[in-house]
Amino acid sequence: MTQKEHVETTVKKILDYINISPSCDIIEKEESLEITLRGDNLNFLIGMHGMSLQALETFLNTFSYRHYPEGLHVSIDINDYKAQKKEKIEDIAKRGIDK
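Owing to the predicted nature of the structure, the values given are computational and were not obtained by experimental measurement.

### Some remarks on the pattern of salt bridges
- Evaluated as defined, the whole model comprises four salt bridges.
- Of the charged contacts, one joins Lys 29 and Glu 34 as a salt bridge, the two residues approaching to 3.6 Å between their closest N and O atoms.
- Among the residues examined, Glu 34 registers a relative accessible area of 28% and is labelled partly exposed.

This is the structure in structure tokens:
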């Protein structure tokens, strides 16, 4: 079983355990696995300030490195939360530069 398949199976088991079924896309890049979850009512998976999302990502990386020490870094995003957060930080930085 490849690292991608192993991580995908683990993510699906976690999601089944908490009784949700969002769409799950995994893209394998050169040095990382990027997981994107999309669905309704997934805010609890993100948590306050992204804490639950960060915990899930840490768990998946720990799991992955335990089975694949030379493996890929796992990154997870839910409903584009990280992309929106990055955009917000960039906007704040641009406003700070313009002052």
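Back to the write-up after that little detour.
### Things to note about the packing of helix H1 (residues 3-17) against helix H3 (residues 51-67)
- Remark: H1 packs on H3, axes separated minimally by 11 Å, with the N-to-C direction vectors making an angle of 140°. One finds that H1 runs oblique with respect to H3. Relative to H3, the crossing made by H1 is right-handed. Together, Gln 3, His 6, Val 7, Thr 10, Val 11 and Ile 14 of H1 and Leu 56, Phe 59, Leu 60, Phe 63, Ser 64 and His 67 of H3 make up the contact between the two elements.
- Here the contact of H1 with H3 is composed, by residue class, of seven nonpolar, five polar and no charged.

### Quick word on the sheet that holds strand S1 (residues 23-28)
- Strand order in the open sheet formed by three strands is S1-S2-S3, with mixed pairing between adjacent strands. Two strands in the sheet have a free side with no partner beyond their single neighbour: S1 and strand S3 (73-78). Sheet twist, expressed as the average angle between the axes of neighbouring strands with direction ignored, equals 15°.
- In the sheet, strand S2 (residues 32-38) pairs with S3 via six bridges, with the strands oriented parallel. Bridging from a neighbouring strand, Thr 36 pairs with Asp 77 of S3.
- Of the strands in this sheet, S2 and S3 are in contact with H3, which crosses S3 at around 155°.

### A look at the nonpolar core
- Counting residues in each nonpolar core, the largest one holds 19 residues, and the members touching the most others are Val 11, Ile 35, Leu 37, Leu 45, Leu 60, Ile 76 and Ile 78.
- Looking at this core, the elements that each hand over two or more residues are H1, S1, S2, helix H2 (43-46), H3 and S3.

### Digging into the pairing of S1
- As defined by bridge partners, S1 adjoins S2 across six bridges and the pair is classed as antiparallel. Note that in S2 the partner of Ser 23 across the bridge is Arg 38.
- Where S1 hands over to S2, the hairpin turn is made up of three residues, counted between the paired strands.

Each value, and the rule that gives it
As a convention, each chain's residues are numbered from 1 in the sequence order in which they are written. Only residues with pLDDT of 70 or above have their local features reported here, since the model is predicted, and side-chain atom pairs are shown and tallied only from 80 upward, although totals for entire chains, interfaces and linings are computed over all residues. Where side-chain values are given, they derive from all heavy atoms of the structure, hydrogens and water being excluded. The salt bridge criterion pairs a side-chain nitrogen of Lys or Arg with a carboxyl oxygen of Asp or Glu, the two atoms within 4 Å. Think of it in three bands: with a 1.4 Å probe and only protein chains considered, a residue is buried below 20% of the maximum accessible area for its type, exposed above 50%, and partly exposed in between. Axis definition: a line fitted to C-alpha atoms, limited for helices to the stretch in contact. Angles are taken between N-to-C directions and run from 0 to 180 degrees. Counting from the N terminus, the helices are DSSP H or I runs at least four residues long and the strands are E runs at least two residues long. For classification purposes, an angle smaller than 35 degrees is called roughly parallel, one larger than 145 roughly antiparallel, one from 65 to 115 roughly perpendicular, and anything else oblique. With the far helix as reference, a near helix turned anticlockwise by less than a right angle produces a left-handed crossing, and one turned clockwise produces a right-handed crossing. For this analysis, residues touch if any pair of their heavy atoms sits within 4.5 Å. Under the scheme applied, nonpolar residues are Ala, Val, Leu, Ile, Met, Phe, Trp, Tyr, Cys and Pro; charged residues are Asp, Glu, Lys and Arg; polar residues are all the others, including Gly. Two strands form a pair only when DSSP identifies at least two bridges running between them. Within this scheme, the nonpolar core is defined by two criteria: the residues are buried Ala, Val, Leu, Ile, Met, Phe, Trp, Tyr or Cys, and they are joined through side-chain atoms within 4.5 Å.

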